[in-house]
Amino acid sequence: MKKILTVIVVMVFTLAGCGKATEEKEVKFSDVMNDKKENISYLVENSSDDSAELGKDSKITKFIVSKDGKIAVYGDYSDEDSDGYEYATDVGKMIKMDDDKKLDYIKKMDKNSFNVEKDYKIKETKDRIETVEDSLDNAKKRAKEDDYDPERHEIEGVPEVKFYSKQLTNLTKELKKISNIKYKEPTFNKLKINITTDGSGNNTKSEFINIGSQRFDEDSKNGIYRYSKESSKNYGVNLSNVVSPTEIYDKKIAGLSNIDLIEEDNDYDEPAYSDYEYLITEVGDKTEKFKLDQPDDKNVKEK
């Protein structure tokens, strides 16, 4: 099944071993991300369009570092040697990696992500410039013909030579701007969890966490490779289902998914597997249950 609008499907994991919040009998994300000690989370693609698959080979798209109620989002990058758009890091690699090496690796991947996306933007703009240059050359040749009719060759009410010349000037400026944008490491933004409760107001039906992906932004006025602080508040994941503790290698993961929310809006006969998202944290051996956040939890607000 293919949906008309494909939503990038991801899963999110948090590495434990850093904070006590992930080692409790019951775990919630408000506890994990408000932990005084640093936790690392992973935003990961679903492994299949035909089933809900999560495992060691699932590809990471984003790394989320959380501490004391603040989060920073780092990006993984597409493997340049792959035939398609495939991210470079899988879950198994990070789970096996020593904790003291993870943050350095994440920062390296984020910079690689910037460079890959910047190179793509530069190539894309150069291709557009080449197309406009060809169009401008053809327009100039037509303008020299004896039977040339300027009005017939206007574009949006502008003579075509003037139109393409302006396009070329604008694209040349855009290329220079993109080329001059420098990498900047992500900053920490305040954690935001919004919940929707049932009729009693005491039980959470779903929750939003502002784990927004941060992308290359060539339109930023000061050439910054990050979304604005406002965007960091309003973009993220919506979750509705509890994912019980399960094993990957010798570690346990648990968390939340968005399955019910996705299927509520699914107009197709088959499950929308490609749209499923999971927010998963690595938990301790004693953890028995994961829970949705509640109205009285820290940094949690009811919609």
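The model shown is predicted, which means the values in this text are computed figures rather than measured ones.

1. Regarding the overall build of the protein
Turning to step 1, where the next piece is worked out: Within the protein one finds six helices and 16 strands.
Turning to step 2, where the next piece is worked out: Looking at the protein as a whole, 46% of its 303 residues qualify as buried.
Turning to step 3, where the next piece is worked out: The contacts in the protein between residues at least 6 apart in sequence include a share of 69% that link residues at least 24 apart.
Turning to step 4, where the next piece is worked out: Counting every atom, the protein has about 16,900 Å² of accessible surface; 44% of that belongs to carbon and sulfur.

2. Description of the sheet that holds strand β9 (residues 193–197)
Turning to step 1, where the next piece is worked out: Across the sheet, four strands lie side by side as β11-β10-β9-β16; this open sheet has mixed pairing. If you trace the sheet from one side to the other, it starts and ends with β11 (237–239) and β16 (300–302), each paired once. Averaged over neighbouring strand pairs, the angle between their axes works out to 25 degrees when direction is ignored.
Turning to step 2, where the next piece is worked out: Judged from the three bridges that link them, strand β10 (residues 204–209) and β11 form a sheet pairing that is antiparallel. Bridge pairing in β11 places phenylalanine 208 opposite asparagine 238.

3. With respect to a negative patch on the surface
Turning to step 1, where the next piece is worked out: A surface patch of negative charge is lined by Glu145, Asp146, Asp147, Asp149, Glu151 and Glu154.
Turning to step 2, where the next piece is worked out: With respect to the helices and strands, the residue glutamate 154 is situated in strand β6 (residues 154–155).
Turning to step 3, where the next piece is worked out: By relative accessible area, which is 36% here, glutamate 154 ends up partly exposed.

4. A short note on the packing of helix α3 (residues 99–143) against helix α4 (residues 160–180)
Helix packing geometry: the angle between the two helix axes and the distance between the axes.
Turning to step 1, where the next piece is worked out: Contact geometry of α3 with α4 gives a least axis separation of 9 Å together with a crossing angle of 160 degrees. When the axes of α3 and α4 are compared, the pair comes out roughly antiparallel. Crossing angle aside, the handedness with which α3 passes α4 is left-handed.
Turning to step 2, where the next piece is worked out: For the contact of α3 with α4, the residue count by class is eleven nonpolar, six polar and nine charged.

5. Some details on the pattern of salt bridges
Turning to step 1, where the next piece is worked out: Scanning the entire structure with this criterion turns up eleven salt bridges.
Turning to step 2, where the next piece is worked out: The residue arginine 142 makes a salt bridge to glutamate 160 at a minimum N-O spacing of 2.7 Å. Of this pair, arginine 142 sits in helix α3 while glutamate 160 sits in helix α4, placing them 18 residues apart in sequence.
Turning to step 3, where the next piece is worked out: Look at glutamate 160 and you get buried, because its relative accessible area is 3%.

6. Let's talk about the packing of aromatic side chains
Turning to step 1, where the next piece is worked out: For the coordinates displayed, the defined rule picks out six aromatic pairs.
Turning to step 2, where the next piece is worked out: When the centroid spacing of 4.8 Å and the interplanar angle of 55 degrees are considered together, the rings of phenylalanine 29 and phenylalanine 290 count as tilted. Placement of the pair is phenylalanine 29 in helix α1 (residues 29–33) and phenylalanine 290 in strand β15 (residues 289–290), with a sequence separation of 261 residues. Exposure class is identical for phenylalanine 29 and phenylalanine 290. Each is buried.

7. Here's the deal with the confidence of the model for the protein
Turning to step 1, where the next piece is worked out: The predicted model of the protein has a mean per-residue pLDDT of 84, with 84% of residues at 70 or higher.
Turning to step 2, where the next piece is worked out: Here residues 1–9 is a poorly scored stretch, pLDDT under 50, and it has 22 contacts once near neighbours within four places are set aside; other chains count.

8. A look at the pairing of β9
Turning to step 1, where the next piece is worked out: Counting buried positions over the five residues of β9 gives four, a clear majority of the element.
Turning to step 2, where the next piece is worked out: Between the antiparallel neighbours β9 and β10 lie six residues, among them glycine 201 with a positive phi of about 80 degrees.
Turning to step 3, where the next piece is worked out: Pairing of β9 with β16 involves three bridges; the strand directions are parallel. Within β16, the position partnered with isoleucine 195 by the bridge is glutamate 302.

9. Regarding the environment of lysine 303
Turning to step 1, where the next piece is worked out: By the element assignment, lysine 303 lies in the segment after β16.
Turning to step 2, where the next piece is worked out: When the C-alpha atoms of lysine 303 and threonine 197 are compared, they prove to be 8.4 Å apart, with 106 residues separating the residues in sequence.
Turning to step 3, where the next piece is worked out: When sequence neighbours within four positions are dropped, the list of residues in contact with lysine 303 reads Asn194, Ile195, Thr196, Phe208 and Asn238.

The rules behind these values
- Residues numbered from 1 in each chain as written.
- Predicted model: local features only at pLDDT ≥ 70, side-chain atom pairs only at ≥ 80, totals over all residues.
- Heavy atoms only, no water.
- Helix = DSSP H or I, 4+ residues; strand = E, 2+ residues; numbered from the N terminus.
- Buried < 20%, exposed > 50% of the residue type's maximum accessible area, 1.4 Å probe, protein only.
- Contact = heavy atoms within 4.5 Å.
- Areas by Shrake-Rupley, 256 points an atom, 1.4 Å probe, with all protein chains shown as cover.
- Pairing = 2+ DSSP bridges.
- Axes fitted to C-alpha atoms, helices over the stretch in contact; angles between N-to-C directions.
- Patch = residues over 30% accessible without salt bridge, like charges linked within 9 Å, V, L, I, M, F, W, Y side chains within 5 Å.
- Salt bridge = Lys/Arg side-chain N within 4 Å of Asp/Glu carboxyl O.
- Lys, Arg positive; Asp, Glu negative; His and termini not counted.
- Charge placed at Lys NZ, Arg CZ, Asp CG, Glu CD.
- Parallel < 35°, antiparallel > 145°, perpendicular 65-115°, else oblique.
- Left-handed = near helix turned anticlockwise from the far one by under 90°.
- Nonpolar A, V, L, I, M, F, W, Y, C, P; charged D, E, K, R; others polar.
- Phe/Tyr/Trp six-rings, centres within 6.5 Å; stacked < 30°, edge-to-face > 60°.
- pLDDT = per-residue confidence, 0-100.

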